[in-house]
Amino acid sequence: MKYPKIPVAQTIVSLCLTKGIQQVVISPGSRNAPLTIGFANEPEMKTYSIVDERCAAFFALGIAQQLQRPVALVCTSGSALLNYYPAIAEAYYSDIPLVVISADRPIERIDIGDGQTIRQKNVFKNHICYSANLYSEVVPKNTIEDPSVLQKIRESRRHNEQEINKALNTALEKSGPVHINVPFYEPLYDIVPVPQSEPLVINPRLPDQEITVDELQPFTKKWNQASRKMVLVGVNYPHSISQKWLDQLANDPSVIVFTETTSNLHHPNFFHRIDNLIGSLDEAGFNALQPELLLTFGGMVVSKKIKNFLRQYQPKEHWHVDPIKAYDTYFCLNRHFELDPETFFSTFMPHTQHVSSTYQSEWLAVREHRNTKHEHYLQQIPWSDMKAFDMILSGLEGPLQLQLSNSSTVRYAQLFTLDKDLEVYCNRGTSGIDGSTSTAIGAAIANRAPTLLITGDLGFLYDSNALWNDYIPKNFKIIVINNGGGGIFRILPGDKDSPYFDTYFETTHHLTAEHLCRMFNFTYFKAEDAKEFAFAKAAFFDDHEGPALLEVFTPRTVNDRILLDYFDFIQ
């Protein structure tokens, strides 16, 4: 084998492997050569080369999303590192472990005019779980160096080993991003046949996931006394909660369970179209829906309507279940149970009782009425975004991994019923449109299941470099809803007739994905109306020799009115 000559590079590779990190995404550069040599020559590492650092970071995030364990990123010095920031922020708020390893100049070379050099120390300080700033290591020229020099080298190595351990352990313990900044002296490309580093290994301290029945007793009592209980679930990994606990919640007449597209939970009594239910309620309806007790788990919630409702009509008790963090989203949080939901429910649910109540049955009747109106509305609307989503999601069955981009895409998906065998993901940590395609490709590689990304035109074009790699699976497919701009801005409040709206808000364009598909070897399909879509959809979902893309064109100035009228119609 070949090893980088610089010991700290050997140490990083060795400790990553010890901590179970086996996936590394590398962007090309010179200053990071010792790291690249180390990772690329380690047979137990799976390495990927992604040129665009922003795409590389989201690509790694997609892999980590699926594996639920840390994935490493390696880049050169300078602005390359800054391109990781959007994905770092997403990982931070979505509790996804990423290990960012950046090469740097030695400290005495910072701010003296050297090229490709910036202040990298603590550069992610507001959105990182830990920043490890390593010492530059001088490789001794011979074994008879001055003893004081050798002592400094030993101290430097021990500091680096401890910092690397702490960073990697933090990624594991907090399930979030960490940054290791490594200054390298030249020469950078020297190799040795035998490793010279045997680093100290410090094991992570993973918290015990347990709570006693006695600790839960006061909360169990409150639960059993409440006749209007609401459970709200945000982003949640598929198959993470035992169905028996979900059934117990669903069969309690005093409980309403609100789930979202990204919750990946299913039961006939669950309310999975939140905006459909509460989007047109009056004050009397809100008062009737107001819960006494709110139990939440999972990540970020998409629906603005449920957030606004719970902030105005607050429960007396709000409990959140999560092993890492609890946001006071509704300004009434009483208790954070620092447990994973499965552990919490396995201890809590056996001691709960069903409470006599009409809470669930009354709202199930409202749901039935809204669902009927929903179907009637879809039958009468013309070709539009909403009609396209109806035709895309109807008949879409698992096993399939469904990746959704942000803004309009995930919000439209919230209005429809999805097959229970779909596994649904979306970058809801920061809810940005950047990186959705890169994330989906990384996830497809890690999951290996057939994967469909549904995205808008701006999000797709914004992240078009995501297609610039050699790793896209044959069973990866993309549907692009091209409405000629940022359609979400026609739905949001604003003056759509102002002279600057089209340019600075909606950002209208006449671009298509066709030429990108030709350049990146995607099979291309398109549809401009319902008839064309029905024909193209069948061909699109056939097996192809490579990945495929279906571009669906919808009328830019019709979509907003159809969506806004929807909520009036279903009332």
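Residues numbered from 1 in each chain as written. Predicted model: local features only at pLDDT ≥ 70, side-chain atom pairs only at ≥ 80, totals over all residues. Heavy atoms only, no water.

Caption draft 1: Structural context of the overall build of the protein. The helix and strand inventory of the protein stands at 22 helices and 19 strands. Computed over the C-alpha atoms, the radius of gyration of the protein is 26 Å, within 12% of the 25 Å expected from 2.2 N^0.38 for a compact globule of 571 residues. Judged by the C-alpha coordinates and their principal axes, the protein covers about 85 × 65 × 45 Å. Buried residues in the protein amount to 55% of all 571 residues. Once local pairs closer than 6 in sequence are excluded, the contacts in the protein between residues at least 24 apart make up 78%. Entry remark: accessible area of the protein is about 24700 Å², with carbon and sulfur atoms responsible for 50%. (Helix = DSSP H or I, 4+ residues; strand = E, 2+ residues; numbered from the N terminus. Rg over C-alpha atoms; globule rule 2.2 N^0.38 Å. Buried < 20%, exposed > 50% of the residue type's maximum accessible area, 1.4 Å probe, protein only. Contact = heavy atoms within 4.5 Å. Areas by Shrake-Rupley, 256 points an atom, 1.4 Å probe, with all protein chains shown as cover.)

Caption draft 2: The arrangement of the packing of aromatic side chains in detail. Enumeration over the complete set of coordinates arrives at 28 aromatic pairs. Seen in terms of ring centroids, F344 and F345 are 5.5 Å apart; in terms of plane orientation they differ by 70°. Their pairing is edge-to-face. For the pair formed by F344 and F345, the shared burial category is buried. Three or more aromatic residues link up through ring pairs in this structure, and these residues are F219, W223, F297, W319, F337, F344, F345 and F348. The residue whose ring lies beneath K305 is F567, and the NZ or CZ to ring-centre distance is 4.7 Å. Above the ring of F540, the side-chain terminus of K477 is found at 5.5 Å from the ring centroid. (Phe/Tyr/Trp six-rings, centres within 6.5 Å; stacked < 30°, edge-to-face > 60°. Lys NZ or Arg CZ within 6 Å of the ring centre and 35° of its normal.)

Caption draft 3: Spatial organisation of the environment of L73. Within the fold, L73 resides in strand β4 (residues 71-75). Take L73: its relative accessible area is 0%, and that puts it in the buried class. Separated by 14 residues in sequence, L73 and F59 place their C-alpha atoms 9.8 Å apart. Not counting residues up to four positions away in its chain, the partners in contact with L73 are V25, A56, A57, A60, Y84, L98, V99, V100 and I101.

Caption draft 4: Representation of a nonpolar patch on the surface. Taken together, the side chains of F489, L492, Y500, Y504 and F505 define a hydrophobic patch exposed on the protein surface, amounting to about 520 Å² of accessible area. Counting through the fold element by element, L492 comes out in the loop between α18 (488-491) and α19 (501-504). For L492, a relative accessible area of 35% corresponds to the partly exposed category. (Patch = residues over 30% accessible without salt bridge, like charges linked within 9 Å, V, L, I, M, F, W, Y side chains within 5 Å. Salt bridge = Lys/Arg side-chain N within 4 Å of Asp/Glu carboxyl O.)

Caption draft 5: The arrangement of a negative patch on the surface in detail. Together, D208, E210, D214 and E215 make up a region of like negative charge exposed at the surface. With respect to the element layout, D214 can be found in helix α7 (residues 213-225). (Lys, Arg positive; Asp, Glu negative; His and termini not counted. Charge placed at Lys NZ, Arg CZ, Asp CG, Glu CD.)

Caption draft 6: View of the sheet that holds strand β7 (residues 178-183). Strand order in the open sheet made by the six strands is β3-β2-β4-β5-β7-β6, with parallel pairing throughout. Of all the strands in the sheet, just β3 (46-49) and β6 (130-133) have a single pairing partner and so form its edges. Sheet twist, expressed as the average angle between the axes of neighbouring strands with direction ignored, equals 20°. Sheet topology places β4 next to strand β5 (residues 98-104); five bridges connect them, and they run parallel. Each bridged residue has a counterpart across the sheet, and for C75 the counterpart in β5 is S102. (Pairing = 2+ DSSP bridges. Axes fitted to C-alpha atoms, helices over the stretch in contact; angles between N-to-C directions.)

Caption draft 7: Just the nonpolar core, in detail. Membership of the largest hydrophobic core comes to 44 residues, with the highest contact counts inside it found for V25, L73, Y84, F476, I478 and F522. Breaking this core down by element, the ones donating at least two residues are α3 (53-67), β4, α4 (79-82), α5 (85-94), β5, α16 (436-447), β17 (476-482) and α20 (514-520). Top element by residues in this core is α3. It accounts for nine residues. Setting aside anything within four residues of it in sequence, one finds Y84 in contact with S27, E53, A57, L73, V74, C75, V100 and F124. (Core = buried A, V, L, I, M, F, W, Y, C linked by side-chain atoms within 4.5 Å.)

Caption draft 8: Spotlight on the environment of Y524. Inspection of the secondary structure puts Y524 in strand β18 (residues 523-527). Sequence separation of Y524 and N133 is 391 residues, and the distance between their C-alpha atoms is 46 Å. A polar atom in the side chain of Y524 sits 2.6 Å from the side chain of E551. (Polar contact = N/O pair within 3.5 Å; in protein donor to acceptor, adjacent residues only side chain to side chain.)

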